Amino acid sequence: MFEYELHQIRSAELIREAQNHRLAREALRGRRADRRRTAARESGGNDTEERSYSPRPRRHRFTRAA
């Protein structure tokens, strides 16, 4: 019976942790969307090029050697 109660407590902790993680991700997504909207509004909507949040380049800088 004791192991079952420990399992229930751990399960509830994991569920709460997952909910907090999802809430934090949702808040971050909302802040990013607000920043994009603000930037688009300030630039007059002329910013058609999407910005990348990834530090790596999309293409290789140099062509491959033969």
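Quick caveat, the model's predicted, so the values are computed rather than measured.

A. Spotlight on a positive patch on the surface. Together, R22, R25, R29, R31, R32, R35 and R36 give the surface a local cluster of positive charge. Position of R32 relative to the elements: it lies in helix α1 (residues 2-42). Classification of R32 as partly exposed rests on a relative accessible area of 33%.

B. Examining the pattern of salt bridges more closely. In this structure the tally under the stated criterion is 2 salt bridges. Where D34 meets R37, a salt bridge forms, and the shortest distance between an N and an O atom there is 2.7 Å. With D34 and R37 both in helix α1, this residue pair falls 3 residues apart, about one helical turn. Its relative accessible area of 40% is what places D34 among the partly exposed residues.

What counts, and at which threshold
- Residues numbered from 1 in each chain as written.
- Predicted model: local features only at pLDDT ≥ 70, side-chain atom pairs only at ≥ 80, totals over all residues.
- Heavy atoms only, no water.
- Patch = residues over 30% accessible without salt bridge, like charges linked within 9 Å, V, L, I, M, F, W, Y side chains within 5 Å.
- Areas by Shrake-Rupley, 256 points an atom, 1.4 Å probe, with all protein chains shown as cover.
- Salt bridge = Lys/Arg side-chain N within 4 Å of Asp/Glu carboxyl O.
- Lys, Arg positive; Asp, Glu negative; His and termini not counted.
- Charge placed at Lys NZ, Arg CZ, Asp CG, Glu CD.
- Helix = DSSP H or I, 4+ residues; strand = E, 2+ residues; numbered from the N terminus.
- Buried < 20%, exposed > 50% of the residue type's maximum accessible area, 1.4 Å probe, protein only.

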